[in-house]
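Overview (structure and organization)
What follows is the residue order along each chain.
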Amino acid sequence: MGSGWTRRELMRGGASALLAGGCGTTESFRPLPPEGSPDVFFITLDDLGWKTLPRYGNASIETPTIDAIADRGATFLRAFNASSSCSSSRATFATGQHVASHGVNGLVHRFPDGALSTGRPTVARTLFHHGYDTVHFGKWHASLNSPRLHGYAFNLNDDDGRTEHIEFPDKILDILDRRGDRPLYFELNFLATHLRPGGTFPNDREFEVDPDAIALLDTWTMPDWPEIRALAAAYFSQVRRVDSVLRHVFDAQDAQGRLENTLIVITSDNGAPFPGNKRTLHDRGTGTPLIVSWPDGFDGGQSIDALVSSIDIAPTLLAASDAPALETADGRSLLGRLRGDDAQGYDAAVFSAIDNHAEYTPMRSIRTDRYRLIRSYGDTPIGLGQLDDLDWARRLVYEPNQRWNDPLPAVGLYDLEADPHEQTNLAESDAHADVLMDLWDQLERHLEATDDALAGA
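In short, a report on the structure. (Residues numbered from 1 in each chain as written. Predicted model: local features only at pLDDT ≥ 70, side-chain atom pairs only at ≥ 80, totals over all residues. Heavy atoms only, no water.)

Observations regarding the sheet that holds strand E1 (residues 39–45)
With respect to topology, 8 strands assemble into an open sheet ordered E4-E3-E5-E1-E6-E7-E2-E8, the strand pairing being mixed. Both outer strands of the open sheet, strand E4 (154–155) and strand E8 (302–309), are each paired with one neighbouring strand and no more. Pairing analysis gives 6 bridges linking E1 to strand E6 (residues 262–267), with the strands arranged parallel. Directly across from threonine 44, in E6, lies its bridge partner threonine 267. Taken strand by strand, helix H7 (residues 170–178) contacts E1, strand E3 (133–138), E4 and strand E5 (184–190), and its axis lies near 175° from that of E5. (Pairing = 2+ DSSP bridges. Helix = DSSP H or I, 4+ residues; strand = E, 2+ residues; numbered from the N terminus. Contact = heavy atoms within 4.5 Å. Axes fitted to C-alpha atoms, helices over the stretch in contact; angles between N-to-C directions.)

This is the structure:
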């Protein structure tokens with residue numbers, strides 16, 4: 001097995017790319033991972049939300065590449081992010097930790113003191129030391145530092161972490177063409193599905209979606225207005241375009257004879273970019289697609305209904321790579337579940353948190369099979385975010401179930417079996433008092449276990 005990129009090529013990734021990756025060594029001293037170690041592609045679509053993909057029931061668009069990956073792997077039907085804000089979620093992807101554990105509790109460009117520490121163990125740094133070539137493309141946003149300071153030998157963005165909204169596969173394909181024999185950890189974070197300034201998406205001409213031919217997703221809990229339908233169609237257009245980019249990527253991987261031994265994980269950082277979705281701890285805010293494929297590693301065609309959390313992704317990537325586990329991670333590998341030999345069963349609950357997005361809106365949540373409890377520790381409204389200047393959004397907040405400019409309830413309890421879109425708050429229901437107290441106690445124990453600053457508040 002060869003040594004992968006040469007020292008000269010690594011240096012082209014930026015000033016002293018090896019040292020910037022945090023390895024403190026040279027290429028000649030890096031170990032080689034075990035023979036047959038898989039390539040790992042970790043893919044996020046920004047603001048994709050839970051049910052946006054056809055695999056999760058959206059009949060308004062087609063994503064043949066993602067569908068093919070799902071057919072060859074497993075679709076987790078009830079996966080949830082540890083946060084509903086991008087910086088916090090992306091730090092969880094990197095570390096396998098809850099928000100209180102990794103400390104990234106807000107948008108890092110607004111709250112830089114909470115950015116991911118360069119000394120914190122990450123998937124990329126662990127795999128680099130394990131002998132992988134590690135590459136980052138697209139959105140970063142876990143810190144204000146270059147990804148190269150967190151374990152990525154190559155950063156295909158500007159050093160300040162910026163990336164274009166319009167992503168073409170050229171840079172990605174060039175890396176695949178120039179790769180050596182080392183296995184590859186390639187993180188692809190697509191920004192196309194994030195709102196542009198002014199709260200819009202382009203309805204991409206090549207992948208245009210007709211607003212009159214779509215259905216709004218029930219999970220969004222939004223009225224069927226022409227303005228919302230137009231925005232949703234443009235959003236779907238961007239999903240289709242990312243799917244096309246992925247086709248080029250995996251065609252190239254297949255042409256090199258590597259696709260069968262490639263672990264692919266596709267997910268998102270938070271809910272869809274619509275009022276009451278992203279930045280909330282409801283299912284529509286924290287629920288996320290999670291598709292995992294590895295033909296050489298486990299059987300395809302699986303649909304898994306168990307509760308899983310984004311804290312489990314990092315341990316899964318490392319376990320599949322036979323790399324050392326992150327001792328600091330809060331999650332555990334899903335590989336046993338994917339292979340059908342996990343005797344430990346599934347988690348009975350998942351937890352989510354948010355402190356800051358654009359402003360301080362501290363909330364904590366526990367989600368079980370049937371119920372969700374949300375505790376709010378302040379009265380700042382969620383607001384409309386990037387949609388705040390749009391006329392239709394300012395009209396929307398007068399709808400009975402869209403009061404996102406009003407203070408949040410201190411406690412929200414929702415029966416997901418009877419009320420899957422969380423429209424009826426049962427916190428003051430005498431019939432649910434025992435449920436509320438049980439979930440309250442479980443959530444408080446979780447906050448204490450993770451040294452959350454709001455434990456006991």
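Some thoughts on the packing of aromatic side chains
Applying the stated criterion across every chain yields a total of 13 aromatic pairs. Ring geometry for phenylalanine 137 versus phenylalanine 190: centroids 6.1 Å apart, planes at 65°, classification edge-to-face. Linking phenylalanine 137 in strand E3 with phenylalanine 190 in strand E5, this pair joins segments that are 53 residues apart in sequence. Consider the rings of tyrosine 235 and phenylalanine 274, whose centres lie 5.4 Å apart with planes at 80°: the pair is edge-to-face. Taken together, the residues span a long stretch of sequence, with tyrosine 235 in helix H8 (residues 226–255) and phenylalanine 274 in the loop between E6 and helix H9 (283–286) at a distance of 39 residues. In this structure an aromatic cluster arises from ring pairing among Phe201, Trp220, Tyr235, Phe236 and Phe274. Just above the ring of phenylalanine 128 sits the side chain of arginine 30; from NZ or CZ to the centre is 4.1 Å. (Phe/Tyr/Trp six-rings, centres within 6.5 Å; stacked < 30°, edge-to-face > 60°. Lys NZ or Arg CZ within 6 Å of the ring centre and 35° of its normal.)

As for the nonpolar core
With 63 residues, the main nonpolar core has Phe41, Ile43, Phe186, Trp220 and Trp392 as its most contacted residues. Elements with a contribution of two residues or more to this core: E1, helix H3 (64–71), E3, H7, E5, H8, E6 and helix H12 (391–396). Among the elements that make up this core, the one with the highest residue count is H8 (13 residues). Excluding its chain neighbours within four sequence positions, the residues that come into contact with tryptophan 220 are Ala232, Tyr235, Phe236, Ala272, Phe274, Asn277 and Arg284. (Core = buried A, V, L, I, M, F, W, Y, C linked by side-chain atoms within 4.5 Å. Buried < 20%, exposed > 50% of the residue type's maximum accessible area, 1.4 Å probe, protein only.)

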